[in-house]
Amino acid sequence: MSIIQVTDLVKKYNGLTAVNGISFEVKQGESFGFLGPNGAGKTTTINILCTLLSPTSGTAEVNGHDCLKHAHSVRSSIGLVFQDITLDNDLTAYENLKFHCYLYNMNKREMEERIEAILNIVGLYDRKDDLVRRFSGGMKRRLEIARGLLHHPKVLFLDEPTLGLDPQTRTNVWEFINNWRKKEGITVFLTTHYMDEAEVCDRIAIIDHGRIIACGTPEELKKLIRGDTIYLKTADDNRAMSELKETFDIKAAKLHDSISFNVESGDKFIPKIFEGLKTAIVSVNLKKPTLDDVFIHLTGREIREENNNKGGELLKLRRRG
Amino acid sequence: MSVEKVFNGHGQRSRTTEVMFSYKAIYVIISREFKRFFRQKGRLLVTISRPLLWLFIVGTGFTQMVNMPATTSYKQFLLPGIIGMTILFSSVFSSISVVWDREFGFLREMLVAPISRATIVMGKLLSGAALSIVQGMVLLVFSPLVGIKVTLPGILAMLVLIAILSIAITAMGLFIASFLTSLEGFNVIMNFIVLPMFFLSGALYPMNALPTVLHYLTLINPLSYGVDAFKHILFEKNGALGAEFPLFLDIGLLTVFSIAMIILAARSFERKE
């Protein structure tokens, strides 16, 4: 069952097309990532989905309600965490959450139980009576995510939820979001331009210049490009190369102290190497393609200049003695 | 087909309808504004000291200089004007908090909640007006110090008039605030709307003593009618320094103005890009 359904969505602002005819659907319980550079149309799409903007044409539905015609029903079914902090600094953590509960018409008992439970989970119960202005960036983020979840939303929208946070806090925030998602079975829709954040999503749509240029699971998207690279160190590289050619019809390249070749699914291929090669294997390295590679492949450029990717995930396997 | 079944079987998907006003939301918006008012120490201090500076320093100074009819001193003349000024500044400041909320993102927390725009406008209107009413009424405490006696019916009458003016000015402020996208506009509003409104309201000098052009400007200023109404209640005699319009006209015009501004503000917030 799809909980978000977007069809041919277009949004133009004074002559500029921010979203240019996108269609996608998100299934209930899924985590869905919207990945793209700044200005690609991510925030515009989220704003339409959460009823803050009306589309120029096309339709958007959340939880079965049209975002334009039944905005109120949509708003009751969603929780939001915006790009910038939207807490009141002059209120305490507890007061911010209470304000939210009143807006969502929760009854007093439910409100008190829920706030206490949620503050304990985000580890801010001890600080509940402190003014939010005394909180660090990471604490504010946690409080905001907690707030977005207070009223039991069906979908939680997160617009660049970890922007401006240090790596350690980012990891904490993600752990928290994912635990919560499993616990309450809610759907998470997020936008990000961090590759590693998109990586943990069930499915990703890559958006550029207002268009979705690819959509699928991270694995599916990575298959769009050449496949995995396997690096082998063996007792006799030349013999290994000829064996690979004979057994698997694979032409490996000789590097200075190892050999390398590309295969479709490297992780599934590694066991076959051990079965098929008679030459002693010293080590096996597998380099998975990253979403960065996918983005470059599709658009011909990197998602952002100051990319902090460490050059891909290296999976290392060693064979004992 | 199975998708259809699941869809219909889910009670949670039933449509919710929007009520015009969510009272819980209005209550919590008001309670937030009061908390903020008492927590922002600087604002609190300015709010308390500004009318007192005018009344006891400017008022005392001008009392020495201006030849007044024996019945009224300048300090006495100034009291209704300073109550009007306090309401003006407080109401505009409260309504500008919408821009503040927009700049700091908090407005979005309210805009995506399942409440109507009218609820947000009403919450802001009532909180802004209530803060102004409290401040206006507190100033009545100083009336004996400038030699004005206020009776209990007088206090009740002032409460009603202060409330009407507070609602009118807050609604006007909200209408203006709906156009402002950043706080930079605030100084412009202060300079070109708020201060002229104060100077051209009969708060500091009688309106009919002004040259024609300025006099006409006072006639389109809602604050003039509020200050004029206060003069009806606070001054025993309606001499040269007393009220200049009939009280029913003051109340009538302010009421019409308030309603118009509330409608305009609500409409203006309803807009979507």
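Calculation notes
- Residues numbered from 1 in each chain as written.
- Chains lettered and ligands numbered in written order.
- Predicted model: local features only at pLDDT ≥ 70, side-chain atom pairs only at ≥ 80, totals over all residues.
- Heavy atoms only, no water.
- Helix = DSSP H or I, 4+ residues; strand = E, 2+ residues; numbered from the N terminus.
- Buried < 20%, exposed > 50% of the residue type's maximum accessible area, 1.4 Å probe, protein only.
- Areas by Shrake-Rupley, 256 points an atom, 1.4 Å probe, with all protein chains shown as cover.
- Lys, Arg positive; Asp, Glu negative; His and termini not counted.
- Charge placed at Lys NZ, Arg CZ, Asp CG, Glu CD.
- Axes fitted to C-alpha atoms, helices over the stretch in contact; angles between N-to-C directions.
- Parallel < 35°, antiparallel > 145°, perpendicular 65-115°, else oblique.
- Left-handed = near helix turned anticlockwise from the far one by under 90°.
- Contact = heavy atoms within 4.5 Å.
- Nonpolar A, V, L, I, M, F, W, Y, C, P; charged D, E, K, R; others polar.
- Disulfide = S-S within 2.5 Å.
- Patch = residues over 30% accessible without salt bridge, like charges linked within 9 Å, V, L, I, M, F, W, Y side chains within 5 Å.
- Salt bridge = Lys/Arg side-chain N within 4 Å of Asp/Glu carboxyl O.
- Phe/Tyr/Trp six-rings, centres within 6.5 Å; stacked < 30°, edge-to-face > 60°.
- Lys NZ or Arg CZ within 6 Å of the ring centre and 35° of its normal.
- Buried area = accessible area lost by both parts, 1.4 Å probe.
- Core = buried A, V, L, I, M, F, W, Y, C linked by side-chain atoms within 4.5 Å.
- Pairing = 2+ DSSP bridges.
- Right-handed = clockwise from strand over helix to strand, strands pointing away.
- Domains from an automatic or database assignment.

Draft legend 1. The arrangement of the overall build of chain B in detail. Across its full length, chain B holds eleven helices and zero strands. In chain B, the order of α-helices and β-strands from amino to carboxyl end is α-α-α-α-α-α-α-α-α-α-α. Taken along the three principal axes of its C-alpha coordinates, chain B extends 90 × 40 × 35 Å. Expressed as a percentage of the 273 residues in chain B, the buried residues total 49%.

Draft legend 2. Focus on the overall build of chain A. Scanning chain A for helices and strands turns up eleven helices and 15 strands. Along the three orthogonal principal directions, the C-alpha set of chain A runs to about 75 × 50 × 35 Å. The buried share of chain A, reckoned over its 321 residues, is 55%. For chain A, the computed accessible surface area is about 14,300 Å², with 47% contributed by carbon and sulfur atoms. In chain A, 45 side chains carry a positive charge and 45 a negative one; their mean positions are 1 Å apart.

Draft legend 3. Region of interest: the packing of helix H5 (residues 137-149) of chain A against helix H6 (residues 167-184) of chain A. Residues and elements named next belong to chain A. Packing of H5 against H6 leaves a shortest axis separation of 10 Å and a crossing angle of 15°. Judged by the angle between their axes, H5 and H6 are roughly parallel. Read as a crossing pair, H5 and H6 show a hand that is right-handed. For the pair H5 and H6, the contacting residues are Gly138, Arg141, Arg142, Ile145, Ala146 and Leu149 in the first and Thr169, Val173, Phe176, Ile177 and Trp180 in the second. Taken together, the residues that form the contact of H5 with H6 break down as seven nonpolar, two polar and two charged.

Draft legend 4. View of the state of the cysteines. Residues and elements named next belong to chain A. On inspection of all chains with the given rule, the structure shows zero disulfides over all chains. Lacking any disulfide linkage, Cys101 is separated from the closest cysteine sulfur, that of Cys50, by 19 Å. Look at Cys101 and you get buried, because its relative accessible area is 0%. Looking at Cys215, it has no disulfide partner, and the nearest cysteine sulfur is the one in Cys201, 11 Å off. Assessed through its relative accessible area of 38%, Cys215 is described here as partly exposed.

Draft legend 5. Main features of a nonpolar patch on the surface. Nonpolar side chains collect at one region of the surface, where Leu152, Ile155, Leu156 and Leu159 of chain B lie side by side and expose about 360 Å² of accessible area between them. Residue position: Leu159 of chain B is located in helix H7 (residues 152-177).

Draft legend 6. Layout of the packing of aromatic side chains. Enumeration according to the criterion identifies 22 aromatic pairs over all chains in this entry. Here the aromatic rings of Phe175 of chain B and Phe179 of chain B are separated by 5.2 Å at their centres, their planes lie at 85°, and the arrangement is edge-to-face. With relative accessibility at 48%, the residue Phe179 of chain B sits in the partly exposed group. Over the face of the ring belonging to Tyr13 of chain A we find Lys11 of chain A, whose NZ or CZ atom lies 5.4 Å from the ring centre.

Draft legend 7. Spotlight on the interface of chain B and chain A. Each partner contributes to the interface: chain B provides 33 residues, whereas chain A provides 41 residues. Summed over both sides, the interface of chain B with chain A buries roughly 3,600 Å², with 55% coming from carbon and sulfur. Run the count over chain B and chain A and you get seven salt bridges. Across the pair Lys35 of chain B and Glu95 of chain A runs a salt bridge, and its minimum N-O distance is 3.8 Å.

Draft legend 8. Highlighting the environment of Ser182 of chain B. Residue and element names in this part refer to chain B. Inspection of the secondary structure puts Ser182 in the loop between H7 and helix H8 (185-199). On a C-alpha basis, the gap between Ser182 and Trp100 in space is 7.6 Å, while along the polypeptide they are 82 residues apart. Setting aside chain neighbours within four positions, we find Ser182 in contact with Val99 and Glu103.

Draft legend 9. Expanded view of the nonpolar core. Core analysis: the biggest nonpolar cluster contains 145 residues, and Ile4, Phe24, Leu49, Phe157 and Phe189 of chain A together with Ile83 of chain B have the highest contact counts within it. Top contributing element to this core by residue count: helix H4 (residues 74-103) of chain B, with 14 residues. Apart from residues no more than four positions distant in its own chain, Phe189 of chain A is found in contact with Ile4, Phe24, Val26, Phe32, Phe34, Ile46, Leu49, Val155, Leu156, Phe157 and Leu158 of chain A. Counting 16 residues, the second largest nonpolar core, distinct from the first, contains Ala252, Phe261, Ile273 and Val284 of chain A.

Draft legend 10. Structural view of the sheet that holds strand S10 (residues 211-216) of chain A. Residue and element names in this part refer to chain A. With mixed pairing, the six strands of this open sheet are ordered in space as S6-S7-S8-S3-S9-S10. Each edge of the open sheet is held by one strand with a lone partner, namely strand S6 (78-81) and S10. Ignoring strand direction, the axes of neighbouring strands in this sheet form an average angle of 15°. As paired strands, strand S7 (residues 155-159) and strand S8 (residues 187-192) are joined by five bridges and run parallel to one another. Counterpart to Leu156 in the pairing with S8 is Val188.

Draft legend 11. How the structure looks around the packing of H4 of chain B against H7 of chain B. Residues and elements named next belong to chain B. Interaxial distance between H4 and H7 falls to 8 Å at its minimum, and their mutual angle equals 35°. For the pair H4 and H7, the crossing hand works out as right-handed. Counting all contacts with H4, which are made through Ile83, Gly84, Ile87, Leu88, Ser91, Val92, Ser95, Val98, Val99 and Arg102, the residues of H7 involved are Met158, Ile162, Leu165, Ser166, Ile169, Thr170, Gly173, Leu174 and Ala177. Of the residues in the contact of H4 with H7, the class split is twelve nonpolar, six polar and one charged.

Draft legend 12. The pairing of S7 of chain A, seen in detail. Residue and element names in this part refer to chain A. In terms of residue burial, S7 counts as a mostly covered element, since five of its five residues are buried. Burial along S7 is two-sided: Val155, Phe157 and Asp159 and Leu156 and Leu158, pointing in opposite directions, are all buried. In terms of strand pairing, S6 meets S7 through four bridges, oriented parallel. Bridge pairing in S7 places Val81 opposite Leu158. Between the parallel pair S7 and S8, the chain is carried across by H6, and the sense of this crossover is right-handed.

Draft legend 13. Layout of the domain arrangement of chain A. Residue and element names in this part refer to chain A. Under the domain assignment, chain A is made up of domain 1 (2-217) and domain 2 (222-318). Inter-centroid distance (C-alpha atoms) of domain 1 to domain 2 is 37 Å. With 15 residues of domain 1 in contact, the opposing surface of domain 2 contributes 13 residues. Across the domain 1/domain 2 interface, buried area totals approximately 1,200 Å², and carbon plus sulfur atoms make up 66% of it. Contact with domain 2 buries area across many residues of domain 1, yet Met195, Glu199 and Ile206 alone supply 42% of it, more than any other trio. At the boundary of domain 1 and domain 2, one finds one salt bridge. In this structure, Glu199 engages Lys222 in a salt bridge whose closest nitrogen and oxygen atoms are separated by 2.2 Å.

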